[in-house]
Amino acid sequence: MKKHPKTLRTLLRITLLVVLCLLVLVKFDKREEKVTNIIYMVGDGMGVAHISAAQIAKDYKPLNMERADYVGLCKTNSANSRVTDSAAAGTALATGHKTNNGMIGMTPDSVAHPSIRERAELAGMPTGIVVTYPVTNATPATFVGHVPNRHWEDDIATYYISNEVDVIIGGGSKRFDQRGDGRNLLDTLSARGYVVAKELAEIEAVESGKVVVLPTEDSTPSYLHGRGDFLPNATAKALEILTNNAQKSDSGFFLMVEGSQIDGKAHGHDLEGMLAEIYDFDAAVNVAFDYADEHPGTLVVVTADHETGGLTIVNGNRKFDIHDLEVDFAWTTGGHTGGMVPIFAYGTGAENFSGVLDNTDLPKIMCRLLGLDYEE
Ligand SMILES: [Zn+2]
């Protein structure tokens, strides 16, 4: 070795040069990579304080959301209120349009506007919806339907017939098979080739095609009341099916996942329940981020529709003594608040979701990245 120091040095230099070239190429490649798949994740009612509470309760062990490459803030006001509800916020996140509280997928003048999911479906992409509240609840409703009143859930269910959502997983079977009009929409879906199931376990062997899994008549149970790993498991299953369907249609896919019950626990000022829902949603985020690692071209955007409960984190003894680790989690309202909510973006195209954005910006940016038309 001592015999050829010059040769060794030259070799080392060449190796270093090659490694540098490769690194530049990889970086360039990542920038040039096209977004083909989008996983859009909504933590209902999940404000910055909720996430902070989740960090504190685990002694700052990083949440999976903290893996995000880019972080932004999102304004949440609706067309008729500084404090939005889930219907108007969902409409903004899904269609790019502000509307009045209570309205689904349409502007205040009752004109319907397609959601990012509908645009993806029209472009031939397989799509999916995974939630823990009924699939006819406000947030998922804004990705499929167009009604002036969020409570018209029987009507919202019919949009799962007029649309073709490849993967439908959540609660709310009664809107499909115990309807006011006597129709059985599960029979209709079955006749159209859907695998209709009551449990995720029933579709374990299903790797592609169309599935509807509605384990409960109404909402699925909360995490602390036995839902288990339904949400992260459903997210993983949806990704498997959508990946295979996308391969067949030579396209990408669009999946919306909602951590639905964070909101309900915050409305009820149930801190323990709320934290369990956040950790569960965060487990689903991990599934999506891991998927993005393994599948270049995948963008994951995690956000919330609004903050619920006006959660604040104050010093337990109010002395603000640095040695005192005690905190109080204080709720200031039983409703929603008008503050901004976080955005965590990961994977290809994540850099487009940093800074301060309006909730209407998100689907517009997603359309641009997928190469889909977006008309105002
Ligand atoms: Zn909400």
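Further up the page is the structure itself.
Report follows, based on the coordinates. (Residues numbered from 1 in each chain as written. Predicted model: local features only at pLDDT ≥ 70, side-chain atom pairs only at ≥ 80, totals over all residues. Heavy atoms only, no water.)

### Re the overall build of the chain
The secondary structure content of the chain amounts to twelve helices and 14 strands. Relative to a compact globule of 376 residues, whose C-alpha radius of gyration would be 21 Å, the chain shows 22 Å and is just as compact. Among the 376 residues that make up the chain, the fraction classed as buried is 52%. Taking all contacts inside the chain whose residues are at least 6 apart in sequence as the whole, residues at least 24 apart take part in 72%. For the chain, the computed accessible surface area is about 16,700 Å², with 54% contributed by carbon and sulfur atoms. Considering the chain, the positive charge centre built from 33 side chains and the negative charge centre built from 50 side chains are found 9 Å apart. (Helix = DSSP H or I, 4+ residues; strand = E, 2+ residues; numbered from the N terminus. Rg over C-alpha atoms; globule rule 2.2 N^0.38 Å. Buried < 20%, exposed > 50% of the residue type's maximum accessible area, 1.4 Å probe, protein only. Contact = heavy atoms within 4.5 Å. Areas by Shrake-Rupley, 256 points an atom, 1.4 Å probe, with all protein chains shown as cover. Lys, Arg positive; Asp, Glu negative; His and termini not counted. Charge placed at Lys NZ, Arg CZ, Asp CG, Glu CD.)

### Here we look at the pattern of salt bridges
Taken as a whole, this structure holds 13 salt bridges when the rule is applied. The salt bridge involving arginine 150 is made with aspartate 85; its shortest N-O contact spans 3.0 Å. Taken together, the residues span a long stretch of sequence, with arginine 150 in the loop between helix 5 (138-144) and helix 6 (153-162) and aspartate 85 in the loop between strand 2 (70-75) and helix 3 (86-95) at a distance of 65 residues. Put simply, lysine 237 and glutamate 240 hold a salt bridge, and the shortest N to O gap is 3.0 Å. (Salt bridge = Lys/Arg side-chain N within 4 Å of Asp/Glu carboxyl O.)

### Side note on the environment of glutamate 204
In this fold, glutamate 204 is placed in the loop between strand 5 (194-197) and strand 6 (210-213). Along the primary structure glutamate 204 and lysine 237 are separated by 33 residues, whereas in three dimensions their C-alpha atoms are 8.0 Å apart.

### Digging into the coordination of the zinc ion
Every protein donor of the zinc ion is accounted for by Asp44 (OD), Asp44 (OD), Ser86 (OG), Asp305 (OD) and His306 (NE2), and the metal-donor separations fall at 1.8 to 2.8 Å. Each donor residue of the zinc ion lies on one chain, and together they are spaced D-x41-S-x218-D-H. Of this pair, aspartate 44 sits in the loop between strand 1 (37-43) and helix 2 (48-57) while histidine 306 is found in the loop between strand 8 (298-303) and strand 9 (307-308), placing the two residues 262 residues apart along the sequence. Here aspartate 44 matches histidine 306 in class, with each residue buried. (Donors = N, O, S within 2.8 Å, 3.2 Å for Na, K, Ca; no water.)

### Considerations on the pairing of strand 7 (residues 254-259)
For strand 7, a buried count of six out of six residues is recorded, marking the element as mostly surrounded by other parts of the structure. Side chains Phe254, Met256 and Glu258 of strand 7 all project onto a buried face; the interleaved residues Leu255, Val257 and Gly259 project onto the opposite face, where all are buried too. As paired strands, strand 1 and strand 7 are joined by six bridges and run parallel to one another. When the sheet's bridge partners are listed, tyrosine 40 is paired in strand 7 with methionine 256. In the sheet, strand 3 (residues 127-134) pairs with strand 7 via four bridges, with the strands oriented parallel. Note on strand 7: the bridge partner recorded for valine 130 is valine 257. (Pairing = 2+ DSSP bridges.)

### Examining the packing of aromatic side chains
Under the counting rule described, the total for this entry stands at six aromatic pairs. Where tyrosine 160 meets phenylalanine 176, the ring centres are 5.8 Å apart and the plane angle is 50°; that geometry is what we call tilted. Taken together, the positions of tyrosine 160 in helix 6 and phenylalanine 176 in helix 7 (residues 174-177) put the pair 16 residues apart, joining distant regions of the chain. Judged by relative accessible area, tyrosine 160 falls into the buried class, the value being 0%. What links up through ring pairs into an aromatic cluster is the set Tyr40, Phe143 and Phe254. A cation over a ring is seen here: lysine 58 above tyrosine 279, with NZ or CZ 4.1 Å from the ring centre. (Phe/Tyr/Trp six-rings, centres within 6.5 Å; stacked < 30°, edge-to-face > 60°. Lys NZ or Arg CZ within 6 Å of the ring centre and 35° of its normal.)

### Brief notes about the side chain of histidine 113
In this fold, histidine 113 is placed in the loop between helix 3 and helix 4 (116-122). Within the local environment of histidine 113, its side chain forms a polar contact with the side chain of threonine 107, the two groups lying 3.0 Å apart. Sequence-distant contacts of histidine 113, that is, excluding residues within four places in its chain, are made with Thr95, His97, Gly105, Met106, Thr107, Glu118 and His146. (Polar contact = N/O pair within 3.5 Å; in protein donor to acceptor, adjacent residues only side chain to side chain.)

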